[in-house]
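The lines below spell out each chain.
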Amino acid sequence: MGKIKLIVMDMDGTLLNSEKVVSSYTKDLLKRLSKEGYKLGIASGRPITGLKRTVKTLGIDSFINFMTGSNGAELFDVDNNQENCFYQLSPEIIDEIINLYAPFELNPYVYQGENCYAYRNDSTIERAARNNQLGIVLCNLKEEIKKSQSKLVLSTPPEKMKQVEAFYEEHKSDRYRAFKSQADMFEFVHPGLSKVYGIKYYCSQHGYNISEAAAFGDTTNDIEMLKECGTGVCMCNGTEDARRAADIITKYSNDEDGLAKELESILMF
């Protein structure tokens, strides 16, 4: 592991505890690291619109330098006050995915503007809208969604997730890639994207190398950044595939300030 200059953190299950907040212990450490010159970033599956609001609500906006959202499809460079959108899924591809997975009777949804658009309401949709401070619009996505999207999410009952993952492995396409982002969320993005894409873009704009970044995550959509950043750290509460991809597994969980305590150990802070 080389010298760490950037610290990139997943939100749910990593930076946030089970109450969906950042503890004062973790917040104080991040503030100190920022003052010491470390660049701090968020890498999340959440859309940028929701990330901006959440970071402010959490009280950490004053020391976050960048946010990559929608699993790498969006980037908000706080330092430059610049927002970028990268590769997206066309309405035709979204329609293709919805048709292919229709036999599972899942609930597809997208984030667009100020709302979460879904076929029907369920607990996953309600949580996604609440976490991102968005409204909910129930509609026929095939009729409503007429422009390209950063991602498509299938609200998936946890008991169906393994079947959906296996089905995806058997029906892969060069038009998109997919992964589990939470126990009840299976997401589709452009094949050129992952969270590390946004991180690399930020690095290229500010003179850093991806080897100087330490990435913290906990599940499947974090794997690329755990592998490609100079230091990959998986939370001990993380999934097995993410744990295998990491250089380090924390001693403590996201409910025990695991991220902050591991940072103190790694940086000898």
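Check the entry above for the structure.
Residues numbered from 1 in each chain as written. Predicted model: local features only at pLDDT ≥ 70, side-chain atom pairs only at ≥ 80, totals over all residues. Heavy atoms only, no water.

Participant: Sorry if this is basic, but what is going on with the layout of surface pockets here?
Facilitator: Gaps left between atoms are located by rolling a probe of water-molecule size over the structure's atoms. Considered as a void within the structure, the largest pocket measures approximately 380 Å³ in volume. Lining the largest pocket are 27 residues, with Asp-12, Gly-13, Lys-20, Ser-181 and Gln-182 positioned closest to its centre. Taken together, the residues of the lining of the largest pocket break down into four nonpolar, 14 polar and nine charged. (1 Å grid on protein atoms, 1.4 Å probe; cavity = no way out; pocket = protein on both sides within 12 Å on 5 of 7 lines; lining within 4 Å. Points joined across faces, edges and corners; volume = space filled by probe spheres on them. Nonpolar A, V, L, I, M, F, W, Y, C, P; charged D, E, K, R; others polar.)

Participant: What exactly am I supposed to notice about unusual backbone geometry here?
Facilitator: Across the chain, the bulk of peptide bonds are trans and the bulk of non-glycine residues have phi less than zero. Phi is positive for Lys-20, close to 65°, though the residue is something other than glycine. Here Lys-20 lies in the loop between α1 (11–15) and α2 (24–35). According to the relative accessible area criterion, Lys-20 is partly exposed, its value standing at 31%. (Helix = DSSP H or I, 4+ residues; strand = E, 2+ residues; numbered from the N terminus. Buried < 20%, exposed > 50% of the residue type's maximum accessible area, 1.4 Å probe, protein only.)

Participant: Looking at this model, I keep getting lost on the environment of Lys-251. Mind explaining?
Facilitator: With respect to the element layout, Lys-251 can be found in the loop between β14 (248–249) and α11 (258–267). Taking the relative accessible area as the measure of exposure, Lys-251 reaches 65% and is therefore exposed. When the C-alpha atoms of Lys-251 and Ala-183 are compared, they prove to be 22 Å apart, with 68 residues separating the residues in sequence. Beyond its immediate chain neighbours, meaning those up to four positions away, Lys-251 contacts Cys-236 and Glu-262. (Contact = heavy atoms within 4.5 Å.)

Participant: Mind showing me how you'd approach the packing of aromatic side chains here?
Facilitator: Each aromatic ring pair is specified by the distance between its two centres and by the angle formed by the two planes. Under the counting rule described, the total for this entry stands at 13 aromatic pairs. A centroid spacing of 5.4 Å and a plane angle of 85° characterise the contact between Phe-186 and Phe-188, whose relative ring orientation is edge-to-face. We classify Phe-188 as buried; its relative accessible area is 0%. The rings of Tyr-101, Phe-104, Phe-167, Tyr-168, Tyr-176, Phe-186 and Phe-188 are connected pair by pair, giving a single aromatic cluster. A cation sits over an aromatic face here: Lys-52 above Phe-76, 4.3 Å from the ring centre. (Phe/Tyr/Trp six-rings, centres within 6.5 Å; stacked < 30°, edge-to-face > 60°. Lys NZ or Arg CZ within 6 Å of the ring centre and 35° of its normal.)

Participant: Hey, could you run me through the packing of α2 against α11 in this one?
Facilitator: Between two packed helices, the angle of one axis relative to the other and the distance separating the axes together describe the packing. Remark: α2 packs on α11, axes separated minimally by 9 Å, with the N-to-C direction vectors making an angle of 35°. Residues Tyr-25, Thr-26, Leu-29, Leu-30, Arg-32 and Leu-33 of α2 lie in contact with α11, whose contacting residues are Leu-259, Ala-260, Lys-261, Leu-263, Glu-264 and Leu-267. When grouped by side-chain class, the residues that make up the contact of α2 with α11 number eight nonpolar, one polar and three charged. (Axes fitted to C-alpha atoms, helices over the stretch in contact; angles between N-to-C directions.)

Participant: Before we go on, may I ask you to explain helix α8 (residues 195–206) in this structure?
Facilitator: Count 3.6 residues to each turn of an α-helix, and residues three or four apart come out pointing the same way. Across its 12 residues, α8 extends 18 Å between first and last C-alpha, which sits within 8% of the 16 Å expected from 1.5 Å per residue. Turning to α8, its buried residues are Lys-195, Val-196, Gly-198, Ile-199, Tyr-202 and Cys-203. Projected down its long axis, α8 shows its buried positions confined to an angular sector of 160°, all on one face. Remark: Gly-207 follows α8 within two positions and exhibits a positive phi of approximately 80°. (Expected span 1.5 Å × (residues − 1). Arc of directions from axis to C-beta.)

Participant: In this structure, what is going on with the environment of Glu-19? I would like to understand it.
Facilitator: By the element assignment, Glu-19 lies in the loop between α1 and α2. Glu-19 sits in the exposed class, given a relative accessible area of 65%. Along the backbone, Glu-19 and Asp-255 are 236 residues apart, and their C-alpha atoms lie at a distance of 8.6 Å.

Participant: It is not clear to me how empty space enclosed by the protein should be interpreted in this structure. Could you clarify?
Facilitator: Within the structure shown, the criterion is met by one cavity of 30 Å³ or more. Here the largest cavity is characterised by a volume of approximately 30 Å³. Lining of the largest cavity is provided by Leu-75, Asp-77, Asn-80, Gln-82, Asn-84, Tyr-201 and Gln-205. Those elements giving two or more residues to the lining of the largest cavity turn out to be β4 (74–77), β5 (82–85) and α8. Along the lines of polarity and charge, the residues of the lining of the largest cavity split into two nonpolar, four polar and one charged.

Participant: Quick question: what am I supposed to make of the pairing of strand β12 (residues 213–217) here?
Facilitator: Regular strands place side chains that alternate from one sheet face to the opposite one. Burial of β12 is extensive: five of the five residues sit out of reach of the surface. Here β12 shows two buried faces, one formed by Ala-213, Ala-215 and Gly-217 and the other by Ala-214 and Phe-216. Across four bridges, the pairing between strand β1 (residues 6–9) and β12 is parallel. Bridge assignment links Met-9 to a residue of β12, and that residue is Phe-216. At this point the chain moves from β12, through helix α9 (residues 223–228), to the parallel strand β13 (residues 231–234), and the crossover so formed is right-handed. (Pairing = 2+ DSSP bridges. Right-handed = clockwise from strand over helix to strand, strands pointing away.)

Participant: I tried to follow the pairing of strand β8 (residues 135–138) on my own but got confused; where do I start?
Facilitator: As paired elements, strand β7 (residues 115–118) and β8 share four bridges and run parallel to each other. Of the residues in β8, the one forming a bridge with Cys-116 is Ile-136.

Participant: Can you walk me through the pattern of salt bridges in this structure?
Facilitator: Between side chains of opposite charge, a pair can form as their charged atoms come close. Counted under the stated rule, the structure contains 16 salt bridges. Here Asp-222 makes a salt bridge to Lys-195, at a shortest N to O gap of 2.5 Å. With Asp-222 in the loop between β12 and α9 and Lys-195 in helix α8, this pair connects stretches of sequence that are 27 residues apart. Judged by its relative accessible area of 0%, Asp-222 is buried. With a shortest N-O distance of 2.7 Å, Lys-200 and Glu-228 are connected by a salt bridge. Of this pair, Lys-200 sits in helix α8 while Glu-228 sits in helix α9, and the two are 28 residues apart along the sequence. Among the ionic contacts, a cluster of salt bridges with common partners joins Asp-10, Lys-195 and Asp-222. (Salt bridge = Lys/Arg side-chain N within 4 Å of Asp/Glu carboxyl O.)

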